[in-house]
Amino acid sequence: MSTGLSAESLRGITNFVITAKSSSFTEAAEQLGITKSAVGKSVARLEERLGTRLFHRSTRKLSLTSDGEAYLTSCLSALEILDSAENTLSRRQENPAGTVRIDMPASFGRNLMMPVLIEMMTRYPALRLALTFNDRLIDPVEEGVDLVLRLGELQSTDELIARRLSRQRLILCASPAYLEQNGLPADMEDLKSHYCIMGYRRGAPLAWRLRKVGEREVKFISPTAHQISDGDAMIQACLAGVGIAQFPESMVNSHIAAGNLISVMADHAPIPVELNVIWPRTRHLIPRVRLIVDELLKKAGEGYFGSLR
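Residues numbered from 1 in each chain as written. Predicted model: local features only at pLDDT ≥ 70, side-chain atom pairs only at ≥ 80, totals over all residues. Heavy atoms only, no water.

### What to know about the side chain of Ser175
Examined against the element boundaries, Ser175 turns out to sit in the loop between strand S7 (170-174) and helix H7 (176-182). Look at Ser175 and you get buried, because its relative accessible area is 2%. Polar contacts involving the side chain of Ser175 include one to the main-chain amide nitrogen of Tyr178, which spans 3.1 Å. (Helix = DSSP H or I, 4+ residues; strand = E, 2+ residues; numbered from the N terminus. Buried < 20%, exposed > 50% of the residue type's maximum accessible area, 1.4 Å probe, protein only. Polar contact = N/O pair within 3.5 Å; in protein donor to acceptor, adjacent residues only side chain to side chain.)

See below:
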């Protein structure tokens, strides 16, 4: 059996200790700020890794096995040592140390986030960033990620905390060459006859959101659209004149300013979507993660990510 402890293993130990102290998955879930099911699954994974049962379970109560009691004693001692070491290192704000795992949308992350993060890497050489770029939705609790950057409506926040960095206008746009060849669409009926480039997630295209002035918002999916799961690839296709696409403003403002893309159907712009920084709901946000959150919120207040309203 491997002796290396992953981030998930350490979370499992913490969840086990809280559960053992409270003798209840429900009470442990309330203290940890996660669901009862998530606590149960975490403890079950820990038991599987250790190859032993830590709790006697019944419909009325939860109690430790003899192995569970021995393991709790060892865990409490180890967590005290780890907590002391964490605080000693992380409170050195002039030189924060340790790894922060961040997941973000591909195009937004590369073009808008990387300059901020590179500056922090340079400023704090002992800080380590583990960065992933993708356009699929992930569960930071399950995947062991400290921070997630996401555009759009949050499906569930029971186990998450979110702070808004901006509100992004959604812009329909196309290249000058495409519009010269295919004409300028005026409404949704016109869009049906145009080539469209749509996002793609979980086996289906991502609908465009459109709202004509004075009317309710509707969703539009072109039955003949190109479907692309990567934001950068969508922009490349749009710049190449493949069709019309809808993007958050931060992804295309520079291309529009340079004349490489042209905004279309501005009178059908929907309500802006939120850009949020998200992290698992825990009792304490460790200082090195808080340092990055504070920097992002500072940039947001300066308007770096776009309007907050």
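### Things to note about the pairing of strand S5 (residues 147-151)
Most of S5 is tucked away, with four of its five residues classed as buried. As judged from the two bridges shared by strand S3 (residues 98-104) and S5, these two strands associate in the parallel manner. Each bridged residue has a counterpart across the sheet, and for Ile102 the counterpart in S5 is Leu147. Where S5 meets strand S15 (residues 273-280), four bridges bridge the pair, whose relative direction is antiparallel. Considered in S15, the bridge of Arg150 is made with Asn276. (Pairing = 2+ DSSP bridges.)

### Topic: the packing of aromatic side chains
Summed over the entire model, instances satisfying the criterion amount to six aromatic pairs. Ring centres of Tyr304 and Phe305 lie 5.0 Å apart, and the angle between their planes is 85°; on these two criteria the pair is classed as edge-to-face. Judged by relative accessible area, which is 2%, Phe305 ranks as buried. Members of the aromatic cluster, each reached through a chain of ring pairs, are Phe16, Phe25, Phe55 and Tyr71. Sitting above the plane of the Tyr304 ring, Lys299 keeps its charged end 5.5 Å from the centroid. (Phe/Tyr/Trp six-rings, centres within 6.5 Å; stacked < 30°, edge-to-face > 60°. Lys NZ or Arg CZ within 6 Å of the ring centre and 35° of its normal.)

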